[in-house]
Amino acid sequence: MLVLTLAQCAAKAPSGLDPGETGMVLGVTHAQFSLDPQLSPAQRAEGERLLGATPLLQNQHLMGWGVTNPEPSPGTYDWSDLDTRMRLIERTGGTPVLTLCCAPDWMKGGAPGTTDWDRLTVAPLPEHYRDFANLAAEAARRYPRVRYFQVWNELKGFWDERANTWDAAGFTDFYNAVYDAVKRVRPDAEIGGPYVVFTLYASTNPPSPLSGAYGSVDPRVLALVRYWNEHKHGADFAAADASTVTRDEGLITSPAAAGAVFSDVTRWLHGLTGLPVWWSEFYPLAPPGPGDPAGTDRVRAVLCLDAVARAAEAGAAAMLLWQPQDDGELPFAALWTQPRDGTPVGPTSLTEAWTWLAPRLRDRSIRVVRDVPGGLVRFEGRDRTLTLNVSGSSTLRITGGSARTLPPYSLTFG
């Protein structure tokens, strides 16, 4: 039986939600659709109630993912959409996070005053790194409530086709320009990177120093992180992103075994950098369900919570759920249902557990217990216990020989 008391975790966590040092902080990243003004008042009110049920980190991108171009022409700003999202975060009691991505078209070769959304993920040209850094500084100055900043998103636009690897030097130059500009106007800002995807492969050629039942982490990713860590001007946290799916063969083990990637990457990244580790995005794959190739809402919730447990066990500082509003397309857990014409939004299978866990992870009043390897995970609190069956089996044999019957991929409170 493996028992982890979260008070033992040494990694520093964000202090924006509570004064002083805390345990792991949960949060969300708003995406293209997230309780937007076009919803009915009833839909927005219920969605905001669910979002604000417990304090969370709430992340929004500078451009894209629900926000228009903030600087369509040099020196001409449009903060309207970003202002709207910041007001949503404030109304729902969130601690704001701003991801400094993406870049206006004129910074990447487009004409001033135009926005081609098909080129959203193109990186700025090197001669415009400083222009983007200045835009980031303007945003930091405009939103003094934002303390936490992530630089860029998944290294978009920094792949070197000729070298067949990441442009580590180019990205780090870009990161440093942004870091310096934001710190200049906001010395209190906490800035993190490199926000890279720890891509998995089933193949072990070339060999990787970071691997497990889930596969092998692409060594080109690890090389990028090492270069960034050695050459960065500074950082207050290290940002990671991963899925349990390998790029070449998909999911190669059970979902429960694949979830170990979230603990292994956390330990590797913290060991290398000495920084608190944030999970900017995390994607545990759900196995197929009846009539649903991506799994049911309940299965998605169970695997999401198991990923949270894995990261907490390794001492992660923060974990952000991508797109808290279900859109019917992404096969991952959400916190409220997709708004449809005339229908109210409501909780999902994840909502109650996420809301219950968030403050208890933060104040370290939860123990994570794994007494059925690959099967049973328990979050033990002072008031309740949340039990996850992360296997496809309905009968789990607990240490000591007793058997307990639970529905496959289920979550229960007791």
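Residues numbered from 1 in each chain as written. Predicted model: local features only at pLDDT ≥ 70, side-chain atom pairs only at ≥ 80, totals over all residues. Heavy atoms only, no water.

(A) How the structure looks around the sheet that holds strand β12 (residues 237–243). Within the closed barrel, the eight strands sit side by side as β2-β3-β4-β5-β8-β12-β13-β14. Their pairing is parallel. When the angles between neighbouring strand axes are averaged without regard to direction, this sheet yields 25°. Inspection of the sheet shows strand β2 (residues 25–29) paired to strand β3 (residues 57–61) by three bridges, in the parallel sense. If you follow V28 over to β3, its bridge partner there is Q58. Packed onto the sheet, helix α4 (residues 168–185) meets β4 (95–100), β5 (148–151) and β8 (190–197) and runs at close to 160° relative to β8. (Pairing = 2+ DSSP bridges. Helix = DSSP H or I, 4+ residues; strand = E, 2+ residues; numbered from the N terminus. Axes fitted to C-alpha atoms, helices over the stretch in contact; angles between N-to-C directions. Contact = heavy atoms within 4.5 Å.)

(B) Up close: the sheet that holds strand β9 (residues 200–201). Spatially, three strands are ordered β9-β11-β10 in an open sheet, and the strand pairing comes out antiparallel. Edge positions in the sheet fall to β9 and β10 (211–212), since each of these pairs with one other strand and no more. Both β10 and strand β11 (residues 215–217) contribute to a ladder of two bridges, which runs antiparallel. For G212, the partnering residue across the bridge sits in β11 and is G215.

(C) Region of interest: the environment of L155. Relative to the elements of secondary structure, L155 occurs in the loop between β5 and β6 (159–160). Spatially, the C-alpha atom of L155 lies 33 Å from that of D363, the residues being 208 residues apart in sequence. If sequence neighbours within four positions are ignored, L155 has contacts with W166, F171, P194, Y195, V196 and L224.

(D) Expanded view of the pairing of strand β17 (residues 385–389). Most of β17 is tucked away, with five of its five residues classed as buried. Covered by surrounding structure in β17 are T385, T387 and N389 together with L386 and L388, the residues of both alternating faces. Bridging between strand β16 (residues 376–380) and β17 involves five bridges; their strand directions are antiparallel. By the bridge assignment for β17, E380 is matched with T385. Counting the residues between successive antiparallel strands, the hairpin from β16 to β17 contains four residues. Note: β17 against strand β20 (residues 410–413), four bridges, orientation antiparallel. Among the inter-strand pairings, T387 is bridged to a residue of β20, identified as T412. (Buried < 20%, exposed > 50% of the residue type's maximum accessible area, 1.4 Å probe, protein only.)

Functional significance is not addressed by these values, which are geometric in nature.
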